[in-house]
Amino acid sequence: MAEQKGEFAEKNRENPSADGEKKEAKLMLREVVAKVYEEAFEAKARGELVGWSASKFPAEICETLGLHVVYPENQAAGIAARHGGQRLCEAAEAMGYDNDICGYCRISLAYAAGVEAEERPMPQPDFVLCCNNICNCMTKWYENIARMKNIPLIMFDVPYNNTPEVSQDAVDYMKGQFYDAIQQLEAISGKKWDEQRFAEVCRNANRSAKAWLKACSYCSVKPSPLAGFDLFNHMADIVTARCRVETAEGFEQLAEEYEAAVKEGHSTWHYDENYRIMFEGIPCWPELKKLFTPLKSKGINTTAVVYAPAFGFVYDDLDGLMRAYCKAPNSVCLETGVEWRETLCRENQVDGALVHYNRSCKPWSGYMPEMERRFRRDLQIPVVSFDGDQADPRNYSDEQYQTRVEGLFEEMEMAKGRGEEN
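What you see is a predicted model, and the numbers here were worked out from it, not measured in a lab.

*Asks:* I keep staring at empty space enclosed by the protein and nothing clicks. Help me out?
*Replies:* Using the criterion set out here, one finds one cavity of 30 Å³ or more in the structure. As a volume, the largest cavity reaches approximately 170 Å³. In terms of lining residues, the largest cavity is bounded by 18 residues, among which Glu63, Leu67, Val69, Thr240 and Arg244 are the most central. Of all the secondary structure elements, the ones that give two or more residues to the lining of the largest cavity are α2 (25-45), α3 (59-65), β2 (68-70) and α10 (235-240). By residue class, the composition of the lining of the largest cavity is ten nonpolar, three polar and five charged.

Written out as structure tokens, the structure reads:
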């Protein structure tokens, strides 16, 4: 398997295409995700253990131990984007799960119970890795899977940050859990921890994160060399494979492509860039095309998103790694959340904000009314919101969304007119 990984990395390093030219970053990155799932299925077929992991559980642990893990959140988003989300949500509801809980959770529980999903299949788990820096729904979601499958659950408890800085007490508390998780996984798998391998994995993870954040930063250029929605297409890599060198190489290639586009005056946004906005929240994966259509018709480019760079974990040492995993959007205090978004809006020169009230993600959406108030007061920009869901299309109304985009456009037009008069 090590030789296979090496060969795959080498192939991506060379990036040959059929005509001898450099392969596009999006193709490189697509292959990385496909390889993660392919290797997991192969491992399962050989009788090796395969885990399911929360997206913000420290991926460095399993990568160091050589354990194969796949990600239910990534799977659920993929199923939803391919329009299978409602089917699995309804299957979970038929099992007794309330339709008010997270759509990702319902999809995952249905799949764990044996409901087929050709849209994004993955091996069933032999252990599950959970963390609550995303939300506390994750805890019950993974507890139910562990109970359903009678398999080990390893929990990583991340303290909520009531202050902008992460305390040393919190760091020490998490380090204890980090070492405990290693011991549990060693006992489950029979594999041994290797500090040299851990150092290599951390280098790869930091290289991926820095390249990803650099790629995201090109949204600040005016006009932008990309549509901000493009970043959502690459979320699977930063979630499922951020500790792999192939991912780092793919994101470095992506940043190079954006840099070249700036120099050449090209963009993946093939429409007028009349206005630039922040899209706040997780996208409605089943309705991405419907989200995009009215924006392009008005020349509104999304140049600021919080969800994509939120996975850019950069750190120097183990304490830094712990602090990085404390900085998920749902585990930081309101003041930090406001600062992140307002800084992004200023750097990326937005004219307005479009806020998704995501029924699946109560922690994220819960403090949006106060966020909206701050944006209007501090940034002096129009802000509108719409109701939707990251996975369940029943909670999205296209008519409402189009009306809200139209309202945002009209407010930005009026603001522009006032600016020209002054």
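The discussion continues.
*Asks:* So what exactly am I meant to see when it comes to the nonpolar core here?
*Replies:* Here is a general trend for soluble globular proteins: nonpolar side chains tend to be buried in one another's company. Residues Tyr104, Phe178 and Leu354 are the most contacted members of the largest nonpolar core, which totals 134 residues. Top contributing element to this core by residue count: helix α9 (residues 195-217), with eight residues. Residues contacting Leu354, with those up to four places away along its chain left out, are Ile277, Met278, Phe279, Glu280, Leu295, Val384, Phe386, Tyr401, Val405 and Leu408.

*Asks:* Which parts of the structure should I look at to understand the sheet that holds strand β8 (residues 383-388)?
*Replies:* Strand pairing in a sheet relies on backbone hydrogen bonds. The paired strands run either parallel or antiparallel. If you walk across this open sheet you meet the four strands as β6-β5-β7-β8, and the pairing is parallel. The sheet is open, and its two edges are formed by β6 (300-305) and β8, each paired on a single side. Each adjacent strand pair in this sheet contributes to an overall mean axis angle of 30°, direction not counted. Examined bridge by bridge, strand β5 (residues 275-280) and β6 share five bridges and lie parallel to one another. Bridge pairing in β6 links Met278 to Ala304. Each of β5, β6, β7 (352-358) and β8 touches helix α12 (residues 288-298); the most contacted strand, β6, lies at about 120° to it.

*Asks:* Hey, could you run me through α12 in this one?
*Replies:* Turning to α12, its buried residues number three or more, namely Leu291, Pro294 and Leu295. Taken around the axis of α12, the buried residues stretch over an arc of 100°, which confines them to a single face. Turned more than 90 degrees off the buried face of α12, the exposed positions are Lys289 and Ser297. Gly299 sits one or two residues past α12 and shows a positive phi near 70°.

*Asks:* When you look at the packing of aromatic side chains in this model, what are you seeing that I'm missing?
*Replies:* Each pair of aromatic rings is reported with the distance of its centres and the angle of its planes. On inspection of all chains with the given rule, the structure shows 25 aromatic pairs. Judged by centre distance (6.1 Å) and plane angle (55°), the ring pair of Phe229 and Phe292 falls under tilted. Of this pair, Phe229 sits in the loop between α9 and α10 while Phe292 sits in helix α12, placing them 63 residues apart in sequence. Using a relative accessible area of 9% as the deciding quantity, one classes Phe229 as buried.

The rules we used
- Residues numbered from 1 in each chain as written.
- Predicted model: local features only at pLDDT ≥ 70, side-chain atom pairs only at ≥ 80, totals over all residues.
- Heavy atoms only, no water.
- 1 Å grid on protein atoms, 1.4 Å probe; cavity = no way out; pocket = protein on both sides within 12 Å on 5 of 7 lines; lining within 4 Å.
- Points joined across faces, edges and corners; volume = space filled by probe spheres on them.
- Helix = DSSP H or I, 4+ residues; strand = E, 2+ residues; numbered from the N terminus.
- Nonpolar A, V, L, I, M, F, W, Y, C, P; charged D, E, K, R; others polar.
- Core = buried A, V, L, I, M, F, W, Y, C linked by side-chain atoms within 4.5 Å.
- Buried < 20%, exposed > 50% of the residue type's maximum accessible area, 1.4 Å probe, protein only.
- Contact = heavy atoms within 4.5 Å.
- Pairing = 2+ DSSP bridges.
- Axes fitted to C-alpha atoms, helices over the stretch in contact; angles between N-to-C directions.
- Arc of directions from axis to C-beta.
- Phe/Tyr/Trp six-rings, centres within 6.5 Å; stacked < 30°, edge-to-face > 60°.

What is shown is where atoms sit, not what they do.
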